[in-house]
Amino acid sequence: MPFRMSCEQDHLHVEFEGTVSHEEIIDANRALFEHPRFDSLRRCTCDLTRVTDLQASRELVEYSAALAKGGSYTNARLKLAFSASRPECRDAILSYIDCVNALAGTWDIRLFGCPKEARGWLGL
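Residues numbered from 1 in each chain as written. Predicted model: local features only at pLDDT ≥ 70, side-chain atom pairs only at ≥ 80, totals over all residues. Heavy atoms only, no water.

1. Re the overall build of the protein
The secondary structure content of the protein amounts to four helices and five strands. Listed by position from the N terminus, the elements making up the protein come as β-β-α-β-α-β-α-β-α. Relative to the 2.2 N^0.38 estimate, which gives 14 Å for 124 residues, the radius of gyration of the protein is 13 Å and therefore close to what a compact globule would have. Overall size of the protein, expressed as C-alpha extent along the three principal axes, is 30 × 30 × 25 Å. Expressed as a percentage of the 124 residues in the protein, the buried residues total 42%. (Helix = DSSP H or I, 4+ residues; strand = E, 2+ residues; numbered from the N terminus. Rg over C-alpha atoms; globule rule 2.2 N^0.38 Å. Buried < 20%, exposed > 50% of the residue type's maximum accessible area, 1.4 Å probe, protein only.)

2. Considerations on the nonpolar core
Counting residues in hydrophobic clusters, the biggest one holds 33 residues, and the most contacted among them are L48, F82 and Y96. Broken down by secondary-structure element, the contributors of at least two residues to this core are β2 (11-20), α1 (22-33), β3 (43-54), α2 (58-71), β4 (79-83), α3 (87-102) and β5 (108-112). In terms of residue count, α3 provides more of this core than any other element does, seven residues in total. Once residues lying within four places of it in the same chain are set aside, the contact partners of Y96 are V61, S64, A65, A68, L80, F82, W107 and I109. (Core = buried A, V, L, I, M, F, W, Y, C linked by side-chain atoms within 4.5 Å. Contact = heavy atoms within 4.5 Å.)

3. Here's the deal with the packing of aromatic side chains
For any pair of aromatic rings, the description consists of the separation of the ring centres together with the inter-plane angle of the planes. Applying the stated criterion across every chain yields a total of six aromatic pairs. Ring centres 6.1 Å apart and planes at 20 degrees place the aromatic pair F33 and W107 in the stacked group. Remark: W107 occurs in the loop between α3 and β5 and F33 occurs in helix α1; sequence separation between them is 74 residues. With relative accessibility at 4%, the residue W107 sits in the buried group. Aromatic rings pair up to connect F33, F38 and W107 into one cluster. One cation-aromatic arrangement involves K79 over W121; the distance from NZ or CZ to the ring centre is 4.4 Å. (Phe/Tyr/Trp six-rings, centres within 6.5 Å; stacked < 30°, edge-to-face > 60°. Lys NZ or Arg CZ within 6 Å of the ring centre and 35° of its normal.)

See below:
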């Protein structure tokens, strides 16, 4: 499986690796929003630094942003920190952030170059 999730208290960590397909991104979104602690999460890290190929279309980015907007209705205070180094991953994440902002999403979402920076921003 190209992603793993772990949760401790109010922090969810998602880590992707290898080739990540359209379906796997949808599966990861579903796992986040269906997580039993979703409404009480305050911090989330998404590490894409080990991704070798990301298959994320514009439509998928927009779909994921719409899910984030919907998720903000029950969890408005989530801080989401992405880490990625590959240009195509960074571009997809920046597009996602733009889409969430355009939809007036409430989450504070940032992109970092490495997991350590992302965790530092979240105070972990």
